[in-house]
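Understanding the architecture of this molecule
What follows is the residue order along each chain.
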Amino acid sequence: MAKIIQYQLFFPKPPEVVWEYITNPELIAQWLMPSDIKPVVGHEFQFRTNAMPEMDFDGVFYCKVLEVDPCKMLSYSWKFGPGDGTLNSSIVIWVLTETPNGTELLLVHRGFEGSSFMSMFDSMSEGWPKHIQKILQLINTTNNGSTEA
Amino acid sequence: MEAQRLDAFQVIADPSRRQILHLLSKDSLTINSLAENFDMSRPAVSKHIKVLYNAGFISIQDIGRERHCILKQDGFDELHKWLAYYDAFWGSKLKKLEALLNDKTDKK
């Protein structure tokens, strides 16, 4: 599984139109979630959705605008948590590229704390037989040891 | 075990706990040998181990007199769960955006 979420779309529209759809709260509410977003660096805003107790999620994404390059690039932090004040962080990045007949829109959602561990575990799968071998060995030697003692 | 129940992201937000997981990814270790890698007290290391244990990142096996810590899949599954969630989330939201933007193709 990827550690970065990435989507690329094409719209037969100029970047100015696409930009509106990712920065104007009224337009965003139509496809994403209600929010008080403003494309201003440092602006803090929230996206609100349904809570998901089974995911330890209170239904609020806490965001802060990190970078704005009008009609070209927008990024904000994206934090979420169970509602007790502790938050998991990540970053959402939008990149708009003008093409002769429209706009390419790239979404990247990355920077999840701990995502590096997922590959760590995957890479371990070869190591497992060795680990188990070692544990078996340990169990056996301690058993032998204690019976002989 | 009444250590605070943290979610997977909170668990690995702590550098010492990440370090413990890294050490365990190479080999299963006893609590004592893990503690040797840290400046903090053994009880402090034990506390981190308890947090990792509660979140399903490690299992603990008593072998002889020693307690061995072994990396476990469950905690990592929770991280996978969130990534899978966001992947599906953006996929469906962007479909909506596509529908919205392509709806207005009439006016150029």
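Scoring rules and cut-offs
Residues numbered from 1 in each chain as written. Chains lettered and ligands numbered in written order. Predicted model: local features only at pLDDT ≥ 70, side-chain atom pairs only at ≥ 80, totals over all residues. Helix = DSSP H or I, 4+ residues; strand = E, 2+ residues; numbered from the N terminus. Buried ≥ 20, exposed ≤ 12 C-beta atoms within 10 Å, placed from the backbone. Contact = placed C-beta atoms within 7 Å. Pairing = 2+ DSSP bridges. Axes fitted to C-alpha atoms, helices over the stretch in contact; angles between N-to-C directions. pLDDT = per-residue confidence, 0-100. Parallel < 35°, antiparallel > 145°, perpendicular 65-115°, else oblique. Nonpolar A, V, L, I, M, F, W, Y, C, P; charged D, E, K, R; others polar.

1. Re the overall build of chain B
Along the backbone of chain B there are five helices and three strands. Put simply, chain B runs from its N terminus to its C terminus through helices and strands in the order α-α-β-α-α-β-β-α. When the 108 residues of chain B are sorted by exposure, 28% land in the buried category.

2. Some thoughts on the overall build of chain A
Helix and strand counts for chain A stand at four helices and six strands. In chain A, which comprises 149 residues, the share counted as buried stands at 18%. A sequence separation of at least 24 residues applies to 37% of the contacts in chain A between residues at least 6 apart.

3. Observations regarding the sheet that holds strand S3 (residues 66-71) of chain B
All names here are of chain B. Read from one edge of the open sheet, three strands run S1-S3-S2, paired in antiparallel fashion. Strands at the two margins of the open sheet, each flanked by one partner only, are strand S1 (29-30) and strand S2 (58-63). Direction of pairing for S2 relative to S3: antiparallel, over a ladder of six bridges. Paired with Asp62 across the two strands is Arg67, which belongs to S3. Packed on one face of the sheet, helix H2 (residues 15-26) meets S1, S2 and S3 and runs near 90° to S3.

4. Focus: the pairing of strand S5 (residues 91-99) of chain A
Two faces make up the sheet, and in a regular strand the side chains alternate between them. All names here are of chain A. With five bridges connecting them, strand S4 (residues 73-79) and S5 associate as antiparallel partners. When the bridges of S5 are listed, Leu74 appears paired with Trp94. The sheet contact formed by S5 and strand S6 (residues 102-110) spans nine bridges and is antiparallel. Bridge assignment links Trp94 to a residue of S6, and that residue is Leu107. Between S5 and S6, which pair antiparallel and follow one another directly, the connecting turn spans two residues.

5. A few points about the sheet that holds strand S3 (residues 60-69) of chain A
All names here are of chain A. What the six strands build is an open sheet, ordered S1-S6-S5-S4-S3-S2; its pairing is antiparallel. In this open sheet, the two edge strands, each paired with only one partner strand, are strand S1 (5-11) and strand S2 (44-48). Strand-to-strand twist across the sheet, computed as the mean angle between neighbouring axes with direction ignored, equals 25°. When S2 meets S3, the two strands line up antiparallel, connected through five bridges. When the bridges of S3 are listed, Phe47 appears paired with Phe61. Docked against the sheet, helix H1 (residues 15-23) engages S1, S4, S5 and S6, running at close to 165° with respect to S5.

6. Overview of the confidence of the model for chain A
Residues and elements named next belong to chain A. Mean pLDDT over chain A stands at 81; residues scoring 70 or higher make up 73%. Mean pLDDT across the secondary structure elements of chain A bottoms out at helix H4 (residues 127-148), with 52, and peaks at S3, with 97. Confidence drops under a pLDDT of 50 for residues 144-149, and excluding neighbours within four residues, the segment shows zero contacts in the predicted structure.

7. Looking at the environment of A:Leu107
Tracing the chain through its elements places A:Leu107 in strand S6. Apart from the residues within four sequence positions on either side, A:Leu107 is in contact with A:Gln6, A:Tyr7, A:Trp94, B:Trp90 and B:Leu94.

8. A short note on the environment of A:Ala51
All names here are of chain A. In this structure, Ala51 sits in the loop between S2 and S3. Each C-alpha atom, one on Ala51 and one on Pro82, is 8.8 Å from the other, the two residues being 31 residues apart in sequence. Once residues lying within four places of it in the same chain are set aside, the contact partners of Ala51 are Phe57, Asp58 and Gly59.

9. Describing the packing of H2(B) against helix H4 (residues 42-54) of chain B
All names here are of chain B. One way to put it is that H2 packs onto H4 with a least axis distance of 10 Å and a crossing angle of 75°. If you check the angle between H2 and H4, you find them roughly perpendicular. For the pair H2 and H4, contact is made by Ser16, Arg17 and Ile20 and by His48, Ile49, Val51 and Leu52, respectively. Within the contact of H2 with H4, the residues separate by chemical class into four nonpolar, two polar and one charged.

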